[in-house]
There are 4 protein chains.
Amino acid sequence: MTVDTSFGSDNHAGIHPRILEAITEANSGPAIAYGADAHTAAAVAKFREHFGKNADVYFVFNGTGANIIALTTLARPFNAVICSEYAHINADECGAPENFCGCKLKTIHAPDGKITIDDISRQLQGRLDQHRVQPSVVSITQASELGTVYSAAEVREIAAFCHGHGLFLHMDGARICNAAASLGTGLGDVSSRLGVDILSFGGTKNGLLLGEAVVCFNPELSKNTIFIRKQAMQLASKMRFIAAQFTALLSDDLWLQNAAHANRMAQMLAEKIKSIPGLEIIQPVQSNAVFASLPRPAIDKLLKKYFFYIWDEEKNEVRWMTSFSTTEEEIDRFAAAIRESCK
Amino acid sequence: MTVDTSFGSDNHAGIHPRILEAITEANSGPAIAYGADAHTAAAVAKFREHFGKNADVYFVFNGTGANIIALTTLARPFNAVICSEYAHINADECGAPENFCGCKLKTIHAPDGKITIDDISRQLQGRLDQHRVQPSVVSITQASELGTVYSAAEVREIAAFCHGHGLFLHMDGARICNAAASLGTGLGDVSSRLGVDILSFGGTKNGLLLGEAVVCFNPELSKNTIFIRKQAMQLASKMRFIAAQFTALLSDDLWLQNAAHANRMAQMLAEKIKSIPGLEIIQPVQSNAVFASLPRPAIDKLLKKYFFYIWDEEKNEVRWMTSFSTTEEEIDRFAAAIRESCK
Amino acid sequence: MTVDTSFGSDNHAGIHPRILEAITEANSGPAIAYGADAHTAAAVAKFREHFGKNADVYFVFNGTGANIIALTTLARPFNAVICSEYAHINADECGAPENFCGCKLKTIHAPDGKITIDDISRQLQGRLDQHRVQPSVVSITQASELGTVYSAAEVREIAAFCHGHGLFLHMDGARICNAAASLGTGLGDVSSRLGVDILSFGGTKNGLLLGEAVVCFNPELSKNTIFIRKQAMQLASKMRFIAAQFTALLSDDLWLQNAAHANRMAQMLAEKIKSIPGLEIIQPVQSNAVFASLPRPAIDKLLKKYFFYIWDEEKNEVRWMTSFSTTEEEIDRFAAAIRESCK
Amino acid sequence: MTVDTSFGSDNHAGIHPRILEAITEANSGPAIAYGADAHTAAAVAKFREHFGKNADVYFVFNGTGANIIALTTLARPFNAVICSEYAHINADECGAPENFCGCKLKTIHAPDGKITIDDISRQLQGRLDQHRVQPSVVSITQASELGTVYSAAEVREIAAFCHGHGLFLHMDGARICNAAASLGTGLGDVSSRLGVDILSFGGTKNGLLLGEAVVCFNPELSKNTIFIRKQAMQLASKMRFIAAQFTALLSDDLWLQNAAHANRMAQMLAEKIKSIPGLEIIQPVQSNAVFASLPRPAIDKLLKKYFFYIWDEEKNEVRWMTSFSTTEEEIDRFAAAIRESCK
């Protein structure tokens, strides 16, 4: 299926030109495989600029790989991971956490995609009971799967709660750049400096060909992560080509420009459609997603020309994602089409 | 560590220009993620040109992922996979088969990297014994990890034996292009048409940025492979960029040019050094590897200027790999350096 | 901790005298290990008397083992098992299904411990979506963890729904004897004859020293179960001593006497306490459990003399279990103590 | 199949009368399940008498369960376990270590069933190499699967080597009582006091109905073993009946009487047959096994009246096991039958 304009996902976008350029530049002469090359060293150094010098960085292929490696670093099979029911690890990874890490997910009903310390607290019953899995990790998604963003205070509070209760905090940062752009802060300000223990840093949705990184902020915790990555089938031989993309993304604020642009496009779309009768925006638009409900015939009409996902068939809820490559013209046209379809 | 010339591995090479061009061309406008795009459809069609219309194709990130997905398609945890002790799945994947597929590897001592039906036969004791793992798959590597190549007759014989004994045949084709180039036949002629059931098709070592494919020749067997791929963390969102590389590789004989060149470079190296006193070429040079033994001081001297791996420390055996990007000049200079080091 | 009278669980009871006698009788001379003995053959034959001649029987150590072997027989890691949130497999097995079978549990909020086809139906979204686990098994517990019992019609309806939707039906029958006694029918009448595909048959809670059985009603499905049992660490060497217990249990209606007695004790307890002010019986008493809510001080007073579990700390709900060895005198005394504590 | 006399395995024997008596005595009144009972506490205390007060004891059902729980306590999936190719964990557990623990076994060719520090040393190549599994445990079997016994000095040396190389030492003690009886020392003298870190203590083969124990000598290592046991499906509800058997076994030297008797029967058999022409005893008879080679027709003749296993079909090697219940008369008759068959 080919599409002219997609609001289906930020991973429907292509490669940002500066990222592709970085790949091309890295393609000169041979390089030692599996990460023992200068490009990888440079990319790791770049991560440490953003996240602090303790950042222990592992480049991987995709978000599922990053999440599973992060969780396996901090959980054994008899442990449990506490997360939102909407968490990508729970809803969209075909059981990879259960199968690879071996552990159970304890899920929280989180209507806005964000979990609270009260939610977490309720999942802690049964600790030390040999019949029950033992929670060791809390996983939050920033920005969340519903487009919402945890405030710095919220993350700090969750981290403190976790550390006070013998739990680690994992952040699924598939869209961490969008979250940081939304909050107007740096990347470390939304993660390492708030007490996050391990981060899945997302590149693919923000302009990379492909590439994610597991970033652990306490190297003592990640001393086996290098083996976990290999066993998780996530070790790239020509790693320089993943690394070089990250160096470009993390240089000259490209991460921010891309994410801020995507966020702005979502804001623009929301602004343009919020007053359409029959349409309701059902989540705060804090990153690059607009969740809306509208009449089913309107949805069907739109789907003839635009690609996007129905989020909840029963409630006629849809998800519209924007990306670094979404243009104002596309938003204009799409907003008009939505308005037209709702008539 | 940076290197000017590497004989360490064919994955030390970069991206072939036509592959990079294909990526660049695929980078126009949005595309549906996860394989529902035109580039992926085109690449699948291209595979079917080579392997027949039944070929069921799954693009993945790396060779470990391809192997594990192929094995998990054909083995459950109580099964065993029979392979050479040198098999990449046994020696170089940090236990991924055991952990993800859950099954045991039953390994065969194979001094030249190739296994025989007698070897396999001896691993079949204990079938139906509830205390023993039950072999379900034989895995052969073509070209082998020792640079040798199974003849068509050898593969056909192994396939027939497997099918006569309730076993499936997997081919780890990380270097299948080198094998086909060596045998002077097409890709299907060394795999699907000989009775191989499932193939890990290697792209990365033959000029791709990254990308491998699981190709199953009996779609009935692979009806769950789509879920196994996702659970194995090997589903790319921007799949068009893997697919487009394969379309380029499999068009206009690029796969063959690259592989044949690499093979020729290995032949050339072997020719130039075989008469050096104190040096012995210890495996037939049938693909793009030269295995040799030479005095330890000579090895140490060479390692100061060239990157390669010592294969067996005790026996002073080394492995020299060539790639699509190795030049005749590099071979000349390296052969001279070897000769010099052995003086 | 020692207890005089326990309402904590039916597994607090000891061994029924006729079971112990059967063990003693089986202890004469040597016997081939791992099930190739006459006692095992006799026990299998006895199961077939109850469940039909197709019953494929695997003796195991405990209920967790039986459940996991049953599920692994019918689910691969990318599959999901649909069950009640209270299901023993979900709540009380320390993540064994996720770790051993590899699959995810999709849980249903079931206030009375029983799930319906509407519940199941809602868990089937996302079939064929490669990002989602694929349900292959529905697991129901009979009698349920809340002491309720599915009617024959309910099980038949669930089985028909499952088979119409490509799902298998597993019954966790840790207390199947109590359910059959409650319904006044035979063991096959509550399982094999209603469309159940595979059953965990419980012996331990109904008078055995230890012993459960996986019973599959379609031998085609269980052709690998013998290997799964061994790999699941559930193969007993001196199997005759498990088998002999089952032969005794399934002979001369011992299974029924034990279960009916336990059920009657629960009924008797409920009768005696139902009118106590401040106490509420919160689940229908259909097997050998009484779930009640009563004031916290009353609970605390009782716990000084009797062992039982608080089911829900927040709601002051308790669970009282009876067994084959509970006596009317114990019920009398306990009922009086409850009444006293509620004053 | 029924047998009058079996030399097939020590687990063909029944229950020792004093063990059965202990079960019967434990069957009085209710007891808290899952190990929180007085019988379990008493059995743990008894283990500590033998193994020292730090012994952390977990009762389980069978030897496979004990081994897998011990290994999972000390190895993560990216680790490897070094053992003899004949090790029960490698040869007879249907891949349970690979599937449950997730790790690879690195096996050693050990013609007499015993491994040496040279053997172990050769398995340590590739440490810190991310492509290779990382050995964390060495597992030795005492007495070995070939009936041989490690001397105290040998175990001490292996333990010291392990601890000097960042490895733990596991002892599969399915027949530890036979080993201790053979060496004329106590149980701790062959394990805890020699540097063994974790022990699978075997009861079933030495007179129990069923029951094994995982005994860890450093409680810091086993702090998660309670959860691993449950997740490994090895937690007995009516644990008192396993515990009571162990208390009996470890009291009044019953363990020693049983094991010494079995050993003596094997010695007696070996003495009586060693001079038979055409028969060769092929392993030192140090515990309760006699390994012999004899002409195939003689083997076939014997198999008509006696049950035992052919160990190596190609070499006409057989294994004859004795047990606590083997009688001198049985040995006399069997030795005569062997002599007759070899004529």
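Conventions and cut-offs
- Residues numbered from 1 in each chain as written.
- Chains lettered and ligands numbered in written order.
- Predicted model: local features only at pLDDT ≥ 70, side-chain atom pairs only at ≥ 80, totals over all residues.
- Heavy atoms only, no water.
- Contact = heavy atoms within 4.5 Å.
- Buried area = accessible area lost by both parts, 1.4 Å probe.
- Salt bridge = Lys/Arg side-chain N within 4 Å of Asp/Glu carboxyl O.
- Helix = DSSP H or I, 4+ residues; strand = E, 2+ residues; numbered from the N terminus.
- Nonpolar A, V, L, I, M, F, W, Y, C, P; charged D, E, K, R; others polar.
- Buried < 20%, exposed > 50% of the residue type's maximum accessible area, 1.4 Å probe, protein only.
- Pairing = 2+ DSSP bridges.
- Right-handed = clockwise from strand over helix to strand, strands pointing away.
- pLDDT = per-residue confidence, 0-100.
- Least-squares fit on C-alpha atoms with pLDDT ≥ 70 in both.
- Axes fitted to C-alpha atoms, helices over the stretch in contact; angles between N-to-C directions.
- Parallel < 35°, antiparallel > 145°, perpendicular 65-115°, else oblique.
- Left-handed = near helix turned anticlockwise from the far one by under 90°.
- Polar contact = N/O pair within 3.5 Å; in protein donor to acceptor, adjacent residues only side chain to side chain.
- 1 Å grid on protein atoms, 1.4 Å probe; cavity = no way out; pocket = protein on both sides within 12 Å on 5 of 7 lines; lining within 4 Å.
- Points joined across faces, edges and corners; volume = space filled by probe spheres on them.
- Domains from an automatic or database assignment.

### As for the interface of chain D and chain C
Across the boundary between the two partners, chain D contributes 55 residues, which contact 55 residues of chain C. Buried area between chain D and chain C, both sides added, is near 4,500 Å², and the carbon and sulfur share of it is 60%. Of all residues in chain D, Ile32, Met233 and Lys238 of chain D bury the most surface against chain C, accounting for 17% of the area lost on that side. Connecting chain D to chain C are zero salt bridges. For the side of chain D that touches chain C, the elements supplying multiple residues, two or more each, are helix H1 (17-26), helix H3 (63-74), helix H5 (96-101), helix H9 (225-231) and helix H10 (240-249) of chain D. Broken down by class, the residue content of the side of chain D that touches chain C amounts to 28 nonpolar, 20 polar and seven charged.

### What about the pattern of salt bridges?
Counted according to the given criterion, the structure contains 59 salt bridges over all chains. The partner of Arg296 of chain A in a salt bridge is Glu313 of chain A, with the nearest N and O atoms 2.7 Å apart. Of the two residues, Arg296 of chain A sits in helix H12 (residues 296-303) while Glu313 of chain A sits in the loop between strand S10 (309-312) and strand S11 (317-321), which places them 17 residues apart along the sequence. Of the charged contacts in the structure, one is a salt bridge between Arg296 of chain B and Asp300 of chain B, with a shortest N-O distance of 3.1 Å. Here Asp300 of chain B and Arg296 of chain B lie together in helix H12 (residues 296-303), a separation of four residues that amounts to about one turn. Classification of Arg296 of chain B by relative accessible area gives partly exposed; the value is 28%.

### Quick notes on the pairing of strand S6 (residues 198-202) of chain D
Residues and elements named next belong to chain D. Most of S6 sits inside the fold, with five of its five residues counted as buried. Burial along S6 is two-sided: the face carrying Ile198, Ser200 and Gly202 and the face carrying Leu199 and Phe201 are both buried. Both strand S5 (residues 168-173) and S6 contribute to a ladder of four bridges, which runs parallel. Bridge pairing in S6 links Asp172 to Ser200. Taken together, S5, helix H8 (residues 176-183) and S6 form a β-α-β motif whose crossover is right-handed. Alignment of S6 against strand S7 (residues 212-216), held across five bridges, turns out to be antiparallel. Paired with Ile198 across the two strands is Cys216, which belongs to S7.

### Comments concerning the confidence of the model for chain A
Detailed reading of the predicted coordinates is not advisable wherever pLDDT is low. Mean pLDDT over chain A stands at 97; residues scoring 70 or higher make up 99%. Scoring of the predicted complex yields 0.97 for pTM and 0.97 for ipTM.

### Some thoughts on the relation of the copies chain D and chain C
Here chain D sits on chain C after a turn of 180 degrees about the axis and a move of 0.0 Å along it, with an RMSD of 0.0 Å. Taken together, the rotation and translation relating the two chain copies correspond to the operation of a two-fold axis. Every residue of chain D has its C-alpha some distance from the rotation axis, and the shortest such distance is that of Phe100 of chain D, at 3.2 Å. Taken as a fraction of all interface residues of chain D, those also at the interface in chain C reach 100%, which identifies the copy contact as same-surface.

### Looking at the relation of the copies chain A and chain B
Least-squares fitting of chain A to chain B yields an RMSD of 0.0 Å, with the transformation described by 0.0 Å of translation along the axis and a rotation of 180 degrees. The overlap is high: 100% of the interface residues of chain A also sit at the interface in chain B, so the same surface is used on both sides.

### A word on unusual backbone geometry
With an omega of -15 degrees, the peptide bond between Gln142 of chain A and Ala143 of chain A qualifies as cis. Positive phi outside glycine occurs at Cys94 of chain C, with the angle close to 50 degrees. Here Cys94 of chain C is to be found in the loop between helix H4 (88-91) and helix H5 (96-101). Taking the relative accessible area as the measure of exposure, Cys94 of chain C reaches 1% and is therefore buried.

### Here we look at the packing of helix H12 (residues 296-303) of chain D against helix H13 (residues 328-342) of chain D
Residues and elements named next belong to chain D. Remark: H12 packs on H13, axes separated minimally by 8 Å, with the N-to-C direction vectors making an angle of 140 degrees. For the element pair H12 / H13, the angle class is oblique. Read as a crossing pair, H12 and H13 show a hand that is right-handed. Where H12 approaches H13, its residues Ala298, Lys301 and Leu302 are matched on the opposing element by Phe334, Ala337, Ile338, Glu340, Ser341 and Cys342. Among the residues forming the contact of H12 with H13, the class breakdown is six nonpolar, one polar and two charged.

### Notes on the interface of chain A and chain B
Quite often, the size of an interface is put as the accessible area lost when its parts meet. Taken residue by residue, the interface counts 55 residues in chain A and 55 residues in chain B. Carbon and sulfur atoms make up 60% of the surface buried where chain A meets chain B, a total of about 4,500 Å² over both sides. Of all residues in chain A, Ile32, Met233 and Lys238 of chain A bury the most surface against chain B, accounting for 17% of the area lost on that side. Counting across the interface, chain A meets chain B through 32 residue pairs in polar contact (both at pLDDT 80 or more). Sorting the residues of the side of chain A that touches chain B by element identifies helix H1 (17-26), helix H3 (63-74), helix H5 (96-101), helix H9 (225-231) and helix H10 (240-249) of chain A as the ones contributing at least two each. Among the residues forming the side of chain A that touches chain B, the class breakdown is 28 nonpolar, 20 polar and seven charged.

### Here we look at empty space enclosed by the protein
One water molecule sets the probe size; rolling that probe over the atoms shows where empty space is left. If you walk through the whole model with that rule in mind, you get eight cavities of 30 Å³ or more. Roughly 310 Å³ of volume is contained in the largest cavity. What lines the largest cavity is a set of 29 residues, and nearest its centre among them are Asn99 of chain A, Asn99 of chain B, Asn99 of chain C together with Asn99 and Phe100 of chain D. Secondary-structure elements contributing two or more residues to the lining of the largest cavity are H5 of chain A, helix H5 (96-101) of chain B, H5 of chain C together with H5 of chain D. Of the residues contributing to the lining of the largest cavity, the split by class is 14 nonpolar, 11 polar and four charged. Here the second largest cavity is characterised by a volume of approximately 210 Å³.

### Describing the domain arrangement of chain A
Residue and element names in this part refer to chain A. Assigned domains of chain A: these are domain 1 (17-249) and domain 2 (254-341). Put simply, the middle of domain 1 and the middle of domain 2, counted by C-alpha atoms, are 27 Å apart. In this complex, domain 1 contributes 25 residues to the contact, which on the side of domain 2 involves 20 residues. Between domain 1 and domain 2, a total of about 1,800 Å² is buried, with carbon and sulfur atoms accounting for 56% of that surface. It is Arg18, Leu146 and Asn178 that lose the most area in domain 1 upon contact with domain 2, and together they represent 25% of the buried surface on that side. Between the two partners, domain 1 and domain 2, sit zero salt bridges. Inspection of the domain 1/domain 2 interface yields nine residue pairs in polar contact (both at pLDDT 80 or more).

### Observations regarding the sheet that holds strand S9 (residues 289-293) of chain C
Residues and elements named next belong to chain C. Judged by pairing direction, the sheet is antiparallel, and its four strands sit side by side in the order S8-S9-S11-S10 without closing on themselves. Strands at the two margins of the open sheet, each flanked by one partner only, are strand S8 (280-281) and strand S10 (309-312). Of the pairings in the sheet, the one linking S10 to strand S11 (residues 317-321) comprises three bridges and is antiparallel in character. Paired with Asp312 across the two strands is Glu317, which belongs to S11.

### Things to note about the sheet that holds strand S1 (residues 56-60) of chain D
Residues and elements named next belong to chain D. Here we have seven strands laid out as an open sheet, ordered S1-S7-S6-S5-S4-S2-S3, and mixed in their pairing. Taken across any chain shown, the strands that pair with only one partner, and hence form the sheet edges, are S1 and strand S3 (104-108). Strand-to-strand twist in this sheet, taken as the mean axis angle between neighbours without regard to direction, amounts to 20 degrees.

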